[in-house]
Amino acid sequence: MPLKYLLLVLLALSVPAKIAASDELPEHAGFRYAIVGNCDPSRPTVVGLHFMGGNAALSRTLFDLSDQGFNFVGLEGRHPFETGRSWFTADHYAKPVSDQSAEIIEEADALAIFLQEIDTICPTSGRPIVTGYSQGGDLVHMLAIRHARHIGAAVPMGARFFDSWRYLERDASARTPIVVLHGGQDGVVSPTNALRAAEFYAIDSRDVTLRLFQGVGHAYPPEMRGFYRMALRDLVSRPTSDGAATDL
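A. Up close: helix α7 (residues 222-235). Across its 14 residues, α7 extends 20 Å between first and last C-alpha, which sits within 8% of the 20 Å expected from 1.5 Å per residue. Of all the positions in α7, only Met224, Arg225, Phe227, Tyr228, Arg229, Ala231, Leu232 and Leu235 are classed as buried. Residues of α7 that are buried sit in contact with β3 (45-49), α3 (56-63), β7 (129-133), β8 (153-157), β9 (178-183) and β10 (208-213).

B. Region of the structure containing the pairing of β3. By the criterion of burial, β3 is predominantly enclosed, with five of the five residues buried. The two faces of β3 match: Thr45, Val47 and Leu49 on one face and Val46 and Gly48 on the other face are all buried. Of the pairings in the sheet, the one linking β3 to strand β4 (residues 71-75) comprises five bridges and is parallel in character. Of the residues in β4, the one forming a bridge with Gly48 is Gly74. As for the winding sense of the linkage, the β-α-β connection from β3 through α3 to β4 is right-handed. Relative to β7, β3 is paired through four bridges, and the arrangement is parallel. The residue of β7 that forms the bridge with Val47 is Val130.

C. Summary view of the packing of helix α5 (residues 135-146) against helix α6 (residues 192-203). α6 packs onto α5 with a crossing angle of 15° between their chain directions and a minimal axis gap of 12 Å. In terms of their interaxial angle, α5 and α6 are classed as roughly parallel. For the crossing formed where α5 meets α6, the hand is left-handed. Between α5 and α6, the residues in contact are His141, Ala144 and Ile145 and Ala197, Phe200 and Tyr201, respectively. Per-class residue counts for the contact of α5 with α6 are five nonpolar, one polar and no charged.

D. Quick peek at the packing of aromatic side chains. Under the criterion given, the structure shown has eleven aromatic pairs. Ring geometry for Phe161 and Trp165: centres 5.3 Å apart, planes at 70°, overall edge-to-face. In this structure Phe161 comes out as buried when scored by relative accessible area, which is 0%. Ring geometry for Phe161 and Tyr201: centres 5.9 Å apart, planes at 70°, overall edge-to-face. Taken together, the residues Phe161 in the loop between β8 and β9 and Tyr201 in helix α6 connect sequence positions 40 residues apart. Joined through ring pairs, the aromatic side chains of Phe161, Phe162, Trp165, Phe200 and Tyr201 make up one cluster.

E. Seen up close, α6. The terminal C-alpha atoms of α6, which comprises twelve residues, lie 17 Å apart, in line with the 16 Å expected from a rise of 1.5 Å per residue. Listed in full, the buried residues belonging to α6 are Asn193, Ala194, Arg196, Ala197, Ala198, Phe200 and Tyr201. Elements that come into contact with the buried residues of α6 comprise α5, β9 and β10. One or two positions beyond α6, positive phi appears at Ser205, with a value near 65°.

The rules behind the values
Residues numbered from 1 in each chain as written. Predicted model: local features only at pLDDT ≥ 70, side-chain atom pairs only at ≥ 80, totals over all residues. Heavy atoms only, no water. Helix = DSSP H or I, 4+ residues; strand = E, 2+ residues; numbered from the N terminus. Expected span 1.5 Å × (residues − 1). Buried < 20%, exposed > 50% of the residue type's maximum accessible area, 1.4 Å probe, protein only. Contact = heavy atoms within 4.5 Å. Pairing = 2+ DSSP bridges. Right-handed = clockwise from strand over helix to strand, strands pointing away. Axes fitted to C-alpha atoms, helices over the stretch in contact; angles between N-to-C directions. Parallel < 35°, antiparallel > 145°, perpendicular 65-115°, else oblique. Left-handed = near helix turned anticlockwise from the far one by under 90°. Nonpolar A, V, L, I, M, F, W, Y, C, P; charged D, E, K, R; others polar. Phe/Tyr/Trp six-rings, centres within 6.5 Å; stacked < 30°, edge-to-face > 60°.

Below is the structure:
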């Protein structure tokens, strides 16, 4: 997956990243993490998963909503990639889809342990909302499928959703709401992935919102970031869902 497309994310943003370098970050359950400010146990917490080549500082730039009453925890992938980090091995995209899927499942299962124990590092109100872009979004989908009981909501953006994921063993103990965001002209990760995901969640009786951004490729421009911020405010205030899909 060409990094040049992913770096378009940064062109639309000017928020400075003021988090320690990766090698200075604390670690929990096998993952380095960064917390913005102090966690308030009366506030919901957002956990951000970066794209390939990103890091905790960039996750803060992309996903932090501490100015709107949320705690924020940025996690880092365990594999180095250029000047940042990756959630998967360097040869991930060269592997067969089945092997890629296995790596995504393995990493999501490991992240689920971190999320189960999040109160030990960031006391929070309710289960954490998990969001991520591209690679991070892949993992958000897998967490929503296999570990719904550990998350309050899922917001995958620019993410893949393999057809085989429809048939995975899923966590049926919770009906976690999902907000799927994707560029309508994404030439790196086809919007078909978002459509497939929304269909799956609707059939699975989830409260799912799908938003395609016309004229947007594999990027995270201001309009997508604005919708993300609005969606999170809505997620913490909405009543119990009936599982219906909403196409905005």
